[in-house]
Amino acid sequence: MTSIFHKWLLIFTIGAFLSAYFTTQYLHVKQSERQAQRALLAELKYVSEQITDFKNKEAQQNYFAKETLLGKAYAGGEILDKAPEILRSQSGVSELARLFSLAELDITDKTGLIIRSTDPALENTFRYSDHPETAVYMDLITGKKSDITEDPRLNAAGPSGEDQWMLYAGVPRSGRKGIIEIGYTDAQYDKIMSSVSITNFATNYDFMNTGCLFILDNGIDGNIISSTSGKDRGKTLAQAGITSVKPSERLPGALNLVLNGNKYIAYSEPCCGFLVIVMLPSGEIYKSGNTLMMWITLFYCILFALVYFMMSGLLDRIVIRGFNETNNALTKIVDGNLGQKVDVATTSEFVSLSAGINTTVDALNKAITEAAHRMDKDLEFAHAIQTSALPTIFP
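Asker: Which residues make up the overall build of the protein, and what values go with them?
Answerer: Counting secondary structure elements, the protein contains seven helices and 12 strands. At 51 Å, the protein has a C-alpha radius of gyration far larger than the 21 Å of a compact globule built from 395 residues. Projecting the C-alpha coordinates of the protein onto the three principal axes gives extents of approximately 195 × 35 × 30 Å. Classification of the 395 residues of the protein by burial places 39% in the buried group. Across the protein, every contact between residues at least 6 apart in sequence was considered, and the portion connecting residues at least 24 apart equals 53%. Summed over its atoms, the accessible surface of the protein is roughly 23,100 Å², and 59% of this surface lies on carbon and sulfur atoms. If the 36 positive side-chain charges of the protein are averaged to one point and the 43 negative ones to another, these points end up 1 Å apart.

Asker: With reference to specific residues and values, describe the side chain of Glu181.
Answerer: Its location among the elements puts Glu181 in strand β6 (residues 179-185). Separated by 3.3 Å, the side chains of Glu181 and Tyr137 make a polar contact. The residues contacting Glu181, other than those within four sequence positions of it, are Glu104, Leu105, Asp106, Tyr128, Tyr137, Glu150, Arg153, Tyr168, Ala169 and Gly170.

Asker: Tell me what's going on with helix α2 (residues 90-99), and back it up with residues and numbers.
Answerer: Taken together, the buried positions of α2 are occupied by Gly92, Val93, Leu96 and Ala97. Looking straight down α2, one finds its buried side chains confined to an arc of 140°; they lie on one side. Positive phi appears at Ser101, one or two residues downstream of α2, with a value of about 55°.

Asker: Explain the packing of aromatic side chains to me, and be specific about the residues and the numbers.
Answerer: Counted by the stated rule, this structure contains eight aromatic pairs. Relative to Tyr205, the ring of Phe201 has its centre 6.0 Å away and its plane inclined at 20°; by these criteria the two rings are stacked. On the accessibility criterion, Tyr205 (15% relative accessible area) is buried. Taking 6.1 Å as the distance between ring centres and 45° as the angle between the ring planes, the aromatic pair formed by Phe299 and Tyr300 counts as tilted.

Asker: Just give me the short version of the nonpolar core, but keep the residues and values in it.
Answerer: For soluble globular proteins, the rule of thumb is that nonpolar side chains tend to be buried together. Membership of the largest hydrophobic core comes to 24 residues, with the highest contact counts inside it found for Val47, Ile51, Ile198, Phe201, Leu213, Ile215 and Val278. Only α1 (2-82), β7 (212-216), β11 (262-271) and β12 (274-281) provide two or more residues apiece to this core. Here the element with the most residues in this core is α1; it accounts for six residues. Once residues within four sequence positions are removed from consideration, Val278 is found in contact with Leu40, Glu43, Leu44, Val47, Phe207, Cys212, Leu213, Ile265, Ala266 and Tyr267. Among the nonpolar cores identified, the runner-up in size contains 22 residues, and Leu80, Leu96, Leu167 and Ala169 belong to it.

Asker: Go over unusual backbone geometry, please, and point to the residues and values.
Answerer: The backbone of Ser101 shows a phi angle near 55°, a positive value even though the residue is not glycine. A positive phi is found at Asn124, a non-glycine position, where the angle reads about 60°. Looking at where Asn124 falls in the secondary structure, it is placed in the loop between β2 (114-117) and α3 (132-135).

Asker: Talk me through the environment of Asn262; I want residue IDs and the actual numbers.
Answerer: Its place among the elements puts Asn262 in strand β11. Given the relative accessible area of 45%, Asn262 is considered partly exposed. As a C-alpha pair, Asn262 and Ser282 span 20 residues in sequence and 8.2 Å in three-dimensional space.

Asker: Give me a nonpolar patch on the surface: which residues, what numbers.
Answerer: A cluster of nonpolar residues, Trp295, Leu298, Ile302, Leu306 and Met310, forms a patch on the protein surface that exposes about 570 Å² of accessible area. Structurally, Trp295 is set in helix α6 (residues 282-334). Residue Trp295 is classed as exposed on the basis of its relative accessible area, which comes to 59%.

Asker: So what's going on with the sheet that holds strand β8 (residues 224-227)? Residues and values would help.
Answerer: Read from one edge of the open sheet, six strands run β8-β7-β12-β11-β10-β9, paired in antiparallel fashion. The two strands at the open ends of the sheet, each matched to only one other strand, are β8 and β9 (242-247). When the angles between neighbouring strand axes are averaged without regard to direction, this sheet yields 25°. Strand direction decides the pairing type here: β11 and β12, joined by eight bridges, are antiparallel. If you follow Glu269 over to β12, its bridge partner there is Val276.

Asker: Provide a residue-level description of the environment of Phe309, including the pertinent values.
Answerer: Looking at where Phe309 falls in the secondary structure, it is placed in helix α6. When its relative accessible area of 58% is taken as the criterion, Phe309 is described as exposed.

Asker: Any details on the environment of Glu269? Residues and values, ideally.
Answerer: As for its position among the elements, Glu269 is in strand β11. With 117 residues separating them in the primary sequence, Glu269 and Pro152 have C-alpha atoms 29 Å apart. If near-sequence neighbours (up to four positions away) are discounted, Glu269 is found in contact with Leu44, Ser48, Phe274, Leu275 and Val276. Of note is the side chain of Glu269, whose polar atom sits 2.7 Å from the side chain of Ser48.

Asker: For the pattern of salt bridges, give the residues involved together with the corresponding values.
Answerer: If you walk through the whole model with that rule in mind, you get five salt bridges. Here Lys66 ties to Asp151 by a salt bridge, and the two come within 2.4 Å at their closest N and O atoms. Of the two residues, Lys66 sits in helix α1 while Asp151 sits in the loop between β3 (148-149) and β4 (153-155), which places them 85 residues apart along the sequence. A relative accessible area of 49% places Asp151 in the partly exposed class. Between Glu78 and Lys82 there is a salt bridge, with the nearest N and O atoms lying 3.7 Å from each other. Taken as a pair, Glu78 and Lys82 lie in helix α1 at a separation of four residues, close to a single helical turn. The class for Glu78 is partly exposed, based on a relative accessible area of 41%. On the basis of relative accessible area, Lys82 is assigned to the exposed category, the value being 64%.

Thresholds, definitions, all that
- Residues numbered from 1 in each chain as written.
- Predicted model: local features only at pLDDT ≥ 70, side-chain atom pairs only at ≥ 80, totals over all residues.
- Heavy atoms only, no water.
- Helix = DSSP H or I, 4+ residues; strand = E, 2+ residues; numbered from the N terminus.
- Rg over C-alpha atoms; globule rule 2.2 N^0.38 Å.
- Buried < 20%, exposed > 50% of the residue type's maximum accessible area, 1.4 Å probe, protein only.
- Contact = heavy atoms within 4.5 Å.
- Areas by Shrake-Rupley, 256 points an atom, 1.4 Å probe, with all protein chains shown as cover.
- Lys, Arg positive; Asp, Glu negative; His and termini not counted.
- Charge placed at Lys NZ, Arg CZ, Asp CG, Glu CD.
- Polar contact = N/O pair within 3.5 Å; in protein donor to acceptor, adjacent residues only side chain to side chain.
- Arc of directions from axis to C-beta.
- Phe/Tyr/Trp six-rings, centres within 6.5 Å; stacked < 30°, edge-to-face > 60°.
- Core = buried A, V, L, I, M, F, W, Y, C linked by side-chain atoms within 4.5 Å.
- Patch = residues over 30% accessible without salt bridge, like charges linked within 9 Å, V, L, I, M, F, W, Y side chains within 5 Å.
- Salt bridge = Lys/Arg side-chain N within 4 Å of Asp/Glu carboxyl O.
- Pairing = 2+ DSSP bridges.
- Axes fitted to C-alpha atoms, helices over the stretch in contact; angles between N-to-C directions.

The structure is reproduced here in structure tokens:
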């Protein structure tokens, strides 16, 4: 009986351990996923707010760049008015452009014909009114406009002799009819705008140790304009090493990605015309909990081992011992020792059982004694009858 009790106790203890372990594991996984979800969504919201702020700052910086360029145009006009001899040579204009860190400086006469330029090929050949992109500058000569600033445009004959993007501004000449137009190259403009450029926003950006960020220009199939690595600009997600983009079955609204062979959980959100994607390795979600689960498993092993040995001891002391003592007493009674008493008081049930057995044995003992007494009387009575029926005198 002892082995059966211990066997079933061990089975129930192991079952309870496994049930507690897998329940804890499931709850831990769900909790880790919820925490990762909250972290990713909070990070996505923060990044979107920062991008909106960057776009505002970019507009402010763009305005500042144009105003700075316009200020240089006015300053150049004042210098030329005070020192007209600068216009006598192309080198003088080039030196003035260098002084103001300009990529291009053009001065026209009252007809819009360039008379001096950092690009000698334009001198006495380029007339502003003949070209759609520069015709608007003729309003500076007529007085319709006091200054002009442009957004960056492609110049078919930039200072390098090749097509390149330029940022231009122009003002009327001081003291006479004409135009002063100055320009930055795209490299100069990019340098000015780099501090607030969205292309640099995600570079070296990370969170939770291994999270990363992608910003795309045209939805999920668009090109990357900024990323944590800083090396993926102009690439698609596939070209950047992302081989799989699927909706997550476990986290609503999330995406399952595979980046360079590693699984990621991601959330995306459109912002200011861009698509923002924040990503976190799947292993990172459960990493912090793995150590915790190891300690929980160790705790459960110790706890359920203690429970098993404590329950086993209690069963031995309270139940098994009571059964053994009761069986030993019954064995003696069965062997004929009707004076044997059952005295097991480990529990109220055993006290009641002992009393019942003792009462039964006492009743049995009493019945046997009475039966023996009646048998003795019957034998005496039979002997008396037999004696009285026999003759007392023989012939």
